[in-house]
Amino acid sequence: MPDVDTIVVVKATKLGAPQFIGSIGPDGSESADEFIVTPIDATVDSVHRGNAVVKDPIRLIVGGGKIGDVEFIAGPEVAPQRKDIAQYSRLLVAGKTVTLDGLGQVLDAYFVYGVNGEGQVKSLMESASGGVVNFSLSELQAQLGS
């Protein structure tokens, strides 16, 4: 995707409380472009593209979550699921860095992969090759020249 400006491996991920993002109508009602995201706080383990710095904190966002009686369900084809994120100590994340009210600067995660101990990755989103991906971090580094 042409607007992917950041590709990082993160570790020590911690799922945060879901939050509303987007606009709210003048009467306080939800607008069509408002939805819920779940922030994920992590530490940068390696940088393959972008301005992130190794060992610095980074905040990612993924679609979906529940706030009170309002729930936004982002299916596994478009967003990684909480249970899948929790299975990995490291994640490979690619997306666009944006600034959001209430969250600050975040990495809007377009692609999220779990990284195993051998550096092989597995997509946590079904839209990426049907959930089956066959490459390693070292192959990614070679392709990106990082």
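Above: the structure in question.
Remember, predicted model here, so these are calculated numbers, not experimental data.

K.L.:
Honestly, the pattern of salt bridges in this entry has me stumped. Any pointers?
P.N.:
Once their charged atoms are close, side chains differing in charge can pair, the charge on each being opposite to the other. Counted according to the given criterion, the structure contains 4 salt bridges. Across the pair Lys-11 and Asp-45 runs a salt bridge, and its minimum N-O distance is 3.6 Å. Highlighted residues: Lys-11 in strand β1 (residues 6–15) and Asp-45 in strand β3 (residues 35–49), separated in sequence by 34 residues. On the basis of relative accessible area, Lys-11 is assigned to the partly exposed category, the value being 36%. On the basis of relative accessibility, which here comes to 24%, the residue Asp-45 falls in the partly exposed class. In this structure, Asp-41 and Arg-59 form a salt bridge, with 2.7 Å as the shortest nitrogen-oxygen distance. Taken together, the positions of Asp-41 in strand β3 and Arg-59 in strand β4 (residues 57–63) put the pair 18 residues apart, joining distant regions of the chain. Arg-59 gets classed as partly exposed once you look at its relative accessible area, which sits at 26%. Connected via shared salt-bridge partners are Lys-11, Asp-45 and Arg-90.

K.L.:
Would you take a moment to explain the layout of surface pockets for this structure?
P.N.:
If a probe the size of a water molecule is rolled over the atoms, the empty space left behind becomes visible. Considered as a void within the structure, the largest pocket measures approximately 260 Å³ in volume. Contributing to the lining of the largest pocket are 15 residues, with Asn-51, Ala-52, Ile-58, Thr-97 and Gln-105 lying nearest its centre. In terms of residue class, the lining of the largest pocket is built from 7 nonpolar, 5 polar and 3 charged.

K.L.:
Hey, could you run me through the pairing of β1 in this one?
P.N.:
Regular strands have side chains that alternate between both faces of the sheet. Note that β1 and strand β7 (residues 90–100) share 6 bridges and pair antiparallel. The partner of Val-10 across the bridge, within β7, is Leu-91. Strand direction decides the pairing type here: β1 and β3, joined by 7 bridges, are antiparallel. Across the sheet, residue Val-9 finds its bridge partner in β3, namely Ser-46.

K.L.:
Before we go on, may I ask you to explain the environment of Pro-18 in this structure?
P.N.:
For Pro-18, the position within the fold is in the loop between β1 and β2 (19–21). With 48 residues separating them along the chain, Pro-18 and Lys-66 place their C-alpha atoms 6.3 Å apart. If sequence neighbours within four positions are ignored, Pro-18 has contacts with Ile-36, Val-37, Thr-38, Pro-39, Gly-65, Lys-66, Ile-67 and Arg-82.

Basis of the calculations
Residues numbered from 1 in each chain as written. Predicted model: local features only at pLDDT ≥ 70, side-chain atom pairs only at ≥ 80, totals over all residues. Heavy atoms only, no water. Salt bridge = Lys/Arg side-chain N within 4 Å of Asp/Glu carboxyl O. Helix = DSSP H or I, 4+ residues; strand = E, 2+ residues; numbered from the N terminus. Buried < 20%, exposed > 50% of the residue type's maximum accessible area, 1.4 Å probe, protein only. 1 Å grid on protein atoms, 1.4 Å probe; cavity = no way out; pocket = protein on both sides within 12 Å on 5 of 7 lines; lining within 4 Å. Points joined across faces, edges and corners; volume = space filled by probe spheres on them. Nonpolar A, V, L, I, M, F, W, Y, C, P; charged D, E, K, R; others polar. Pairing = 2+ DSSP bridges. Contact = heavy atoms within 4.5 Å.

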